[in-house]
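# Remarks on the overall topology
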Amino acid sequence: MTTYRIAAIPGDGVGPEVVDAARRVVDAAGRRFGFVVDWTEVVAGGAAIDVYGVAIRDEDVEACRAADAILLGAVGGPKWSDPSAAVRPEQALFALRGGLGLFANLRPVKVHPALVATSPLRPELLEGVDLLIVRELTGGVYFGERQEAGDQKGDRRAVDTMPYGEDEIRRIVLLAGAYALTRRRRLTSVDKANVLATSRLWRKVVEEERRRMPDVEVSHQLVDSCAMLLVKQPASFDVIVTENLFGDILSDEAAVLAGSLGMLPSASLANRSTGHGTFGLYEPIHGSAPDIAGQDKANPIGTILSAAMMMFSSFKRRDVSEAIEASVSQALHDGWRTADLADAADEDDGLVVVGTTAMATAVIEALEAAVPA
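Reading guide: rules and limits
Residues numbered from 1 in each chain as written. Predicted model: local features only at pLDDT ≥ 70, side-chain atom pairs only at ≥ 80, totals over all residues. Heavy atoms only, no water. Core = buried A, V, L, I, M, F, W, Y, C linked by side-chain atoms within 4.5 Å. Buried < 20%, exposed > 50% of the residue type's maximum accessible area, 1.4 Å probe, protein only. Helix = DSSP H or I, 4+ residues; strand = E, 2+ residues; numbered from the N terminus. Contact = heavy atoms within 4.5 Å. Pairing = 2+ DSSP bridges. Phe/Tyr/Trp six-rings, centres within 6.5 Å; stacked < 30°, edge-to-face > 60°. Lys NZ or Arg CZ within 6 Å of the ring centre and 35° of its normal. Expected span 1.5 Å × (residues − 1). Arc of directions from axis to C-beta. Polar contact = N/O pair within 3.5 Å; in protein donor to acceptor, adjacent residues only side chain to side chain.

Below, the discussion takes up the nonpolar core. Leu 187 and Leu 257 are the most contacted members of the largest nonpolar core, which has 84 residues in total. Broken down by element, the residue count for this core peaks at 8 residues, all from helix H10 (residues 301-313). Sequence-distant contacts of Leu 187, that is, excluding residues within four places in its chain, are made with Val 173, Ala 176, Gly 177, Ala 180, Met 213, Val 216, Glu 217, Val 218, Ser 219, Val 239 and Val 241.

Pasting the structure below:
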């Protein structure tokens with residue numbers, strides 16, 4: 001029987017709850033598809049600060065490197081929210097991305113037919129929405145040199161730099177083009193070339209590389225107009241590729257289309273292979289939601305679908321990935337909802353509002369019903 005090694009990082013807030021839910025679904029899939037998972041639990045984020053005084057230890061980064069893939073919940077919370085603190089939970093994410101070479105963040109956005117009512121957009125705008133945001137993850141302003149502000153009030157000044165090299169741009173653009181080839185063959189490169197020097201380099205590299213993608217329609221969009229079009233014409237996009245900061249903002253905006261941040265998965269991929277597939281880190285796009293932590297209220301679907309992406313990319317198990325996705329769809333079709341998905345529903349819709357654990361159970365039961373033992 002095949003064994004997959006997965007490092008699980010529960011993190012903070014609702015992270016442990018949604019990771020546990022996804023682990024249950026993956027283990028259930030293993031029983032149906034004939035594989036087992038060797039889980040290694042890693043402490044990171046605020047939980048690691050409390051125990052070790054750092055957001056993640058070097059040895060835990062190495063434990064993640066030794067795995068075939070990583071499943072992450074969320075990090076952060078009000079307990080560690082001081083932005084001027086020397087140690088912050090988010091430093092764990094930067095250590096993992098930079099240390100493990102996780103350069104490409106993939107965020108697919110689809111609108112499930114059963115959840116159209118939960119989106120703030122008019123239903124007619126949501127028809128055909130199926131886009132993928134490919135975000136460069138290890139360059140730009142998040143990793144550039146910075147100068148913190150001093151303490152002298154009236155004379156404080158801070159500096160952040162946004163460096164990008166052409167090789168960093170080229171590899172993310174070519175990866176996005178490869179994904180576009182598997183979809184509707186349209187690639188939108190997003191920048192701010194009318195203002196930023198890094199964006200002008202970005203656009204120049206895209207123009208140079210488009211000849212290597214002759215079967216992909218390549219276009220450019222300024223980030224501000226892209227933000228507008230994501231809510232006015234979201235179905236016009238197929239694959240969006242952009243730099244780190246813009247991708248962070250645009251992908252959170254696009255998440256609203258699906259009706260809840262709890263619905264959407266993501267993958268952060270490295271440029272290396274394990275014995276099974278591409279090494280990557282998988283996580284829902286939502287935060288730690290400390291206000292509902294420990295109450296069995298969090299929506300686990302984003303984490304479960306992140307695990308489906310993991311099965312596809314890191315383990316080359318399209319069959320398992322599609323089975324998990326279909327089981328989520330079936331559970332939603334059958335009326336199962338967490339609280340964040342039920343707010344816009346009518347009382348007579350016949351929905352069953354459940355917590356984190358029961359939603360995962362509904363997905364598992366749909367999986368077991370669809371895939372014979």
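That shown, we press on.
What follows covers the pairing of strand E11 (residues 265-273). Sheet analysis places strand E4 (residues 102-110) next to E11, joined by 4 bridges and oriented antiparallel. For Leu 102, the partnering residue across the bridge sits in E11 and is Ala 270. Across 6 bridges, the pairing between E11 and strand E12 (residues 278-284) is antiparallel. Looking at the pairing, Ser 266 lines up with Glu 283 of E12. Taking the residues between adjacent antiparallel strands as the criterion, E11 and E12 are bridged by 4 residues.

Each pair of aromatic rings is reported with the distance of its centres and the angle of its planes. Applying the stated criterion across every chain yields a total of 5 aromatic pairs. Its end group placed over the ring of Phe 103, Arg 171 keeps NZ or CZ at 4.2 Å from the ring centre. Its end group placed over the ring of Phe 279, Arg 272 keeps NZ or CZ at 4.0 Å from the ring centre.

Take helix H7 (residues 197-209) next. Over its 13 residues, H7 runs 19 Å from end to end, which matches the ideal 18 Å to within 8%, given 1.5 Å per residue. The complete set of buried residues in H7 reads Thr 198, Ser 199, Trp 202, Val 205, Val 206 and Glu 209. Angular distribution of buried residues about the axis of H7 spans 120 degrees; they occupy a single face of the element. Away from its buried face by more than 90 degrees, H7 exposes Ala 197 and Lys 204. Contacts from the buried residues of H7 go to strand E5 (130-136), helix H6 (166-181), strand E8 (186-191), strand E9 (217-222), strand E10 (239-242) and helix H9 (244-255).

What follows is about the environment of His 276. Looking at where His 276 falls in the secondary structure, it is placed in the loop between E11 and E12. Residues His 276 and Lys 316 lie 40 residues apart in sequence; the distance between their C-alpha atoms is 6.7 Å.

So, about the environment of Tyr 164. Within the fold, Tyr 164 resides in the loop between strand E7 (159-160) and H6. With a relative accessible area of 10%, Tyr 164 lands in the buried category. As a C-alpha pair, Tyr 164 and Glu 243 span 79 residues in sequence and 9.0 Å in three-dimensional space. With residues near it in sequence (within four places) discarded, Tyr 164 still touches Glu 136, Gly 139, Gly 140, Ile 169, Thr 198, Leu 201, Trp 202, Glu 243 and Asn 244. Reaching out from Tyr 164, the side chain makes a polar contact with the side chain of Glu 136 at a distance of 2.6 Å. Here the side chain of Tyr 164 touches Asn 244 through a polar contact of 3.1 Å, landing on its backbone nitrogen.

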